[in-house]
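Spelled out from the first residue to the last, the chains are:
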Amino acid sequence: MTDITDRKADHINLALQSEHQSQAISTFDSIRFEHNALPEVALNDIDISTQFLNQNISAPIMIGAMTGGCDKGDIINRHLAEAAEACNIPMAVGSQRAALEHNQTQAIRQHAPNTVILGNIGATQIQQQGIDLAQRAVEAISANALVIHINPLQELVQQGGDRDWKQVLEAIYQCADKLTVPIIVKEVGAGISPRNAQKLQQAGIKWIEVAGRGGTNWASIELARNQLSQEKSIAAPFIDWGMDTAPLLPAINKACPKLNLIGSGGVRHGLDVARCIRLGASISALAQPFLAPSLESTEAVIEKITVLREQLRWAMFLTGSANLETLQKAPLQT
Ligand SMILES: Cc1cc2nc3c(=O)[nH]c(=O)nc-3n(C[C@H](O)[C@H](O)[C@H](O)COP(=O)(O)O)c2cc1C
């Protein structure tokens, strides 16, 4: 195994452990819809379908980026891709760096010929290797869009992580300027501030995946992997660093009303998806909640998607929202 494949296998094992999930109370839970005791809609008539990147999808729910590039990666990706295809929801693949560096074939499209598939590569890798890498990531899986991840906290805590971020915004700008597919910039659990969002918008980015604090804690995962005691002591106070997803969504929306938002980071059920939509996201992404089902089977992932969609429908029923447009304006408790 190479360093990257070793790291990816560790990530999967550690991400499954509850101690590496945020220990803070979810700020999603502070977002309470006004209960509608007179919904005036039928549950079966509620329409949760929407459009994403000009394609119809069955629900505003996306399988968030999780890694390939290790022994379990292929099977995880196959189960996720087959379920995404069967349910017609988008799937974001994990970092394609290892596969591209080793010239491995990436079989995602074979399992999901029609649904929206997003590629994934780190901004620092593009900074180091140029936008050809980004173009290859897109072509390798015929991606509908490319997700560029920005993860400075994770890189700091990771032993040997990238610490030179000087040209990262320039690399993102180059991708937005030259690539033929849309670019989505995402964090991995520390959030993207409204100030960052403005800079990204100026760089030509139209989509942001917030990936705020509240779910998988990457500082905690990398701290558990780091063997150097001095680096561990430096990192310790930063274990809880980051901005929560729920307050970030309306804040970015206010600063950049034209940006399209994906709500993610600590989304744990369909009620959280409804909250993301109400707070200004077009669609919501969950990563860790799909990990255990993806290790099991395609059917287990489909079951998870079915539950999420039904929970979203219930939230819409209980707010009297016949469609997602109405849900966006559903009254909240003050
Ligand atoms: C096992 C695992 C691997 C991940 N690998 C990647 C990755 O390769 N690229 C990326 O952009 N995000 C990656 N993420 C981060 C997620 O996409 C997501 O932003 C983050 O985990 C927060 O969402 P969550 O709380 O729903 O897990 C990974 C997450 C998990 C759980």
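As a reminder, the structure under discussion sits directly above these lines.
An account of the accompanying structure is given in this report. (Residues numbered from 1 in each chain as written. Predicted model: local features only at pLDDT ≥ 70, side-chain atom pairs only at ≥ 80, totals over all residues. Heavy atoms only, no water.)

1. A closer look at the overall build of the protein
The number of helices and strands found in the protein is 16 helices and 10 strands. Relative to a compact globule of 334 residues, whose C-alpha radius of gyration would be 20 Å, the protein shows 19 Å and is just as compact. Taking the principal axes of its C-alpha atoms as reference, the protein extends roughly 60 × 45 × 40 Å. Taken across its 334 residues, the protein has 53% of its residues classed as buried. Within the protein, counting contacts between residues at least 6 apart in sequence, those at least 24 apart form 76% of the total. Of the accessible surface of the protein, which amounts to about 15,000 Å², a share of 50% is contributed by carbon and sulfur atoms. Averaging the coordinates of the 27 positive side-chain charges in the protein and doing the same for the 33 negative ones gives two points 5 Å apart. (Helix = DSSP H or I, 4+ residues; strand = E, 2+ residues; numbered from the N terminus. Rg over C-alpha atoms; globule rule 2.2 N^0.38 Å. Buried < 20%, exposed > 50% of the residue type's maximum accessible area, 1.4 Å probe, protein only. Contact = heavy atoms within 4.5 Å. Areas by Shrake-Rupley, 256 points an atom, 1.4 Å probe, with all protein chains shown as cover. Lys, Arg positive; Asp, Glu negative; His and termini not counted. Charge placed at Lys NZ, Arg CZ, Asp CG, Glu CD.)

2. Here's the deal with the sheet that holds strand β7 (residues 183–186)
Pairing in this closed barrel of eight strands is parallel, and the strands run β3-β4-β5-β6-β7-β8-β9-β10 around the ring. Taking the axes of each pair of neighbouring strands and ignoring which way they run, one obtains an average angle of 25° across the sheet. (Pairing = 2+ DSSP bridges. Axes fitted to C-alpha atoms, helices over the stretch in contact; angles between N-to-C directions.)

3. Comments concerning the site of the ligand
Contacts to the ligand come from 22 residues, most closely from Ala65, Ser95, Lys186, Thr216 and Arg268. Residue Gln288 places a main-chain N or O atom 3.1 Å away from an oxygen atom belonging to the ligand. For the ligand, the protein covers 97% of the area, taking 600 Å² as the surface of the free molecule. With respect to the pocket detection grid, the ligand is positioned in the largest pocket. Here the residues of the shell around the ligand are counted per class, giving nine nonpolar, 10 polar and three charged. (Near = heavy atom within 4 Å. Polar contact = N/O pair within 3.5 Å; in protein donor to acceptor, adjacent residues only side chain to side chain. 1 Å grid on protein atoms, 1.4 Å probe; cavity = no way out; pocket = protein on both sides within 12 Å on 5 of 7 lines; lining within 4 Å. Sits in = over half its atoms within 2 Å of the grid points. Nonpolar A, V, L, I, M, F, W, Y, C, P; charged D, E, K, R; others polar.)

4. Considering the nonpolar core
Soluble globular proteins tend to pack their nonpolar side chains together in the buried interior. The biggest cluster of nonpolar side chains holds 80 residues, and the ones touching the most others in it are Ile63, Met91, Leu146, Ile172, Ile208, Phe290 and Leu327. When neighbours within four sequence positions are excluded, Leu327 is seen to be in contact with Phe33, Ala274, Ile277, Arg278, Leu312, Met316, Thr319 and Ser321. Within the second largest apolar cluster, 15 residues are counted, among which are Leu53, Ala145, Ile184 and Ile283. (Core = buried A, V, L, I, M, F, W, Y, C linked by side-chain atoms within 4.5 Å.)

5. Thoughts on the pattern of salt bridges
Scanning the model with the defined rule gives 11 salt bridges in all. Ionic pairing is found between Glu82 and Arg78, a salt bridge with its closest N-O pair at 3.5 Å. Here the residue Glu82 and the residue Arg78 both occupy positions in helix α2 (residues 73–87), the gap between them amounting to four residues, near one helical turn. Accessibility expressed as a relative area gives 31% for Arg78, which makes it partly exposed. Of the charged contacts, one joins Asp177 and Lys178 as a salt bridge, the two residues approaching to 3.9 Å between their closest N and O atoms. Since its relative accessible area comes to 46%, Asp177 is described here as partly exposed. The network of salt bridges with common partners includes Asp10, Glu222 and Arg225. (Salt bridge = Lys/Arg side-chain N within 4 Å of Asp/Glu carboxyl O.)

6. Things to note about empty space enclosed by the protein
What the rule picks out here adds up to one cavity of 30 Å³ or more. Forming the walls of the largest cavity are 17 residues, and the residues nearest its centre are Gly189, Ala190, Thr216, Asn217 and Trp218. Every element with two or more residues in the lining of the largest cavity is listed here: α7 (152–157) and α10 (218–225). Of the residues in the lining of the largest cavity, the class split is seven nonpolar, seven polar and three charged. (Points joined across faces, edges and corners; volume = space filled by probe spheres on them.)

7. Examining the packing of aromatic side chains
Tallied over the entire structure, the rule returns two aromatic pairs. Residues Phe52 and Trp207 carry aromatic rings whose centres are separated by 5.1 Å and whose planes lie at 90° to one another, so their mutual orientation is edge-to-face. With Phe52 in strand β1 (residues 50–52) and Trp207 in strand β8 (residues 207–209), this residue pair connects regions lying 155 residues apart in the sequence. Measuring from centroid to centroid gives 5.6 Å for Phe238 and Trp241, while their planes differ by 55°, and the two rings are tilted. (Phe/Tyr/Trp six-rings, centres within 6.5 Å; stacked < 30°, edge-to-face > 60°.)

8. Looking at the layout of surface pockets
Each pocket or cavity is described by its volume, and for the largest pocket that value is around 810 Å³. Along its surface, the largest pocket is lined by 49 residues, and His11, Ala65, Gln154, Val188 and Trp218 are the ones closest to its centre. Elements with a contribution of two residues or more to the lining of the largest pocket: α1 (3–15), β3 (61–66), α7, α10 and β10 (283–286). With six residues, the single largest contributor to the lining of the largest pocket is α1. Residues that form the lining of the largest pocket fall into these classes: 15 nonpolar, 24 polar and 10 charged. In this structure, the second largest pocket spans a volume of roughly 640 Å³. Looking at the second largest pocket, it is lined by 25 residues, and the ones nearest its centre are Pro152, Leu153, Trp165, Glu187 and Asn196. Secondary structure elements with two or more residues in the lining of the second largest pocket: α7, α8 (168–178), α9 (194–202) and α11 (229–235). Among the elements that line the lining of the second largest pocket, the one with the most residues is α7, at four residues. For the lining of the second largest pocket, the per-class residue count stands at 17 nonpolar, four polar and four charged.

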